[in-house]
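Take a look at the letters that make up each chain.
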There are 2 protein chains.
Amino acid sequence: MKFEKLAEVLKTVAHEKRLRILVLLEEFDGNICVCELVDALNTPQYQVSQHLRELRGKDLVRGNRDGTWVYYSINPDLPRDLRQLIDGLLEHLDREDYSREIEKLEKRLEMREDGKCVVGYDESDE
Amino acid sequence: MKFEKLAEVLKTVAHEKRLRILVLLEEFDGNICVCELVDALNTPQYQVSQHLRELRGKDLVRGNRDGTWVYYSINPDLPRDLRQLIDGLLEHLDREDYSREIEKLEKRLEMREDGKCVVGYDESDE
DNA sequence: AGGTCGTATGCATTTATGTACATATAGCTA
DNA sequence: TAGCTATATGTACATAAATGCATACGACCT
């Protein structure tokens, strides 16, 4: 990989929230909708959307609309080396540091019907 | 590693020149002086110093003064996981993309006497 | 059509980063 | 001491990134 490319990817990824988004997408093998991320990360919807836009802009992530909802995954067509890079980075994260988010997301996923999200995000700050 | 820490390190490293500096330090196992880096990277002295300062500020790199010269290495006391992270990143770089710098640095190192740098940097843009 | 809900975007403000240049500091040598 | 060389730093400016908020869009439902 070229220096510029590596620097660009690292810059994109070098943000706490974006790392958290990626780690969740990876952990659950993607197909997570925005409202589920909003709840799991306890972060305002517009922020999550913005971070997703940046990740999308660099092709790291991909959204699939299904009706009102948009489901995100790590871009499955990511070149092998890029994917390995991302995976390698995420491995360095302490699992305990996001286990709570995992739990929350699990609970949200249990609420799905026919594999689809049926609720929105919670506007309160819990 | 915590999210904040990982994000911080990635941000520091997410710059072409800083990646180039790190890759050279790693390749030659450190102990490279600033003027040698300046020549190998063909980059103004003040820039190299500034990038080194940033890397130093995050403890990724370390300078040892010997008289007029300062020799830099990747911080040998870096925690294991951090070192692995850096190494992992650098592995993704195309070698051909910095082989020229390696050659230049090799030539500079050949000019050393008693293992010490005896010349300065070249102010011309070659 | 109108209302509602999930998602995306635009704008304004702040904050950080990159870049260039001049100059300071530290250590050498005469 | 003065003068030189290698390295470091301060300042100023431009550019980019983060943040917050309001609102737009798009798909659904009645």
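Everything here concerns the structure above.
In what follows, the accompanying structure is described. (Residues numbered from 1 in each chain as written. Chains lettered and ligands numbered in written order. Predicted model: local features only at pLDDT ≥ 70, side-chain atom pairs only at ≥ 80, totals over all residues. Heavy atoms only, no water.)

What follows deals with the environment of E54(A). Residues and elements named next belong to chain A. Looking at where E54 falls in the secondary structure, it is placed in helix α4 (residues 45–57). On the basis of relative accessible area, E54 is assigned to the partly exposed category, the value being 39%. C-alpha separation for the pair E54 and D66, spaced twelve residues apart in sequence, amounts to 21 Å. Setting aside residues no more than four positions away along its own chain, E54 makes contact with T12 and R18. (Helix = DSSP H or I, 4+ residues; strand = E, 2+ residues; numbered from the N terminus. Buried < 20%, exposed > 50% of the residue type's maximum accessible area, 1.4 Å probe, protein only. Contact = heavy atoms within 4.5 Å.)

Now for the interface of chain B and chain A. Where interface size is quoted, it is often the accessible area lost as the parts come together. On the side of chain A, 24 residues touch chain B, which itself brings 24 residues to the contact. Across the interface of chain B and chain A, roughly 2300 Å² is buried in total on both sides, 71% from carbon and sulfur atoms. The largest share of the area that chain B buries against chain A comes from M1(B), F3(B) and H92(B), three residues that together contribute 34% of it. Remark: the boundary between chain B and chain A carries six residue pairs in polar contact (both at pLDDT 80 or more). Secondary structure elements with two or more residues in the side of chain B that touches chain A: α1 (3–13), α2 (16–27) and α5 (80–90) of chain B. Looking at the side of chain B that touches chain A residue by residue, the classes come out as 13 nonpolar, three polar and eight charged. (Buried area = accessible area lost by both parts, 1.4 Å probe. Polar contact = N/O pair within 3.5 Å; in protein donor to acceptor, adjacent residues only side chain to side chain. Nonpolar A, V, L, I, M, F, W, Y, C, P; charged D, E, K, R; others polar.)

Let us look at the sheet that holds strand β3 (residues 69–74) of chain B. Residue and element names in this part refer to chain B. Judged by pairing direction, the sheet is antiparallel, and its three strands sit side by side in the order β1-β3-β2 without closing on themselves. Two strands lie at the open edges of the sheet, namely β1 (32–33) and β2 (61–66), each paired on one side alone. Summarising the sheet, β1 and β3 pair through two bridges and their orientation is antiparallel. Its bridge partner being in β3, C33 is matched across the sheet by Y71. (Pairing = 2+ DSSP bridges.)

A few words now on the environment of R83(B). Within the fold, R83(B) resides in helix α5. Sequence spacing of R83(B) and L60(B) is 23 residues, and the spatial spacing of their C-alpha atoms is 8.6 Å.

In this section: the protein's contact with DNA strand C. What surrounds DNA strand C is a group of 26 residues, the closest being C35(A), Y72(A), G120(A), Y121(A) and Q47(B). Within 4 Å of the protein, the atoms of DNA strand C are drawn from sugar and phosphate moieties in a proportion of 71%. V70(A) places a main-chain nitrogen or oxygen 3.4 Å from a phosphate oxygen of DNA strand C. Between a phosphate oxygen of DNA strand C and a side-chain N or O atom of R18(B), the distance comes to 3.2 Å. With six residues, the single largest contributor to the surface near DNA strand C is α4(A). For the surface near DNA strand C, the residue count by class is ten nonpolar, ten polar and six charged. (Near = heavy atom within 4 Å.)

Take the relation of the copies chain B and chain A next. When chain B is fitted to chain A, the residual RMSD is 0.0 Å, and the transformation amounts to a turn of 180° plus an axial shift of 0.0 Å. Viewed as a symmetry operation, the transformation between the two copies matches a two-fold axis. The overlap is high: 100% of the interface residues of chain B also sit at the interface in chain A, so the same surface is used on both sides. (Least-squares fit on C-alpha atoms with pLDDT ≥ 70 in both.)

Take the pattern of salt bridges next. Residue and element names in this part refer to chain A. Counted under the stated rule, the structure contains 22 salt bridges over all chains. Close ionic contact of E36 with R112 constitutes a salt bridge, the shortest N to O distance being 2.8 Å. Taken together, the positions of E36 in helix α3 (residues 34–41) and R112 in the segment after α6 (99–110) put the pair 76 residues apart, joining distant regions of the chain. For the residue pair E36 and R112, the accessibility class agrees, reading buried in each case. What you see here is one network of salt bridges that share partners, running through E16, R20 and E101. (Salt bridge = Lys/Arg side-chain N within 4 Å of Asp/Glu carboxyl O.)

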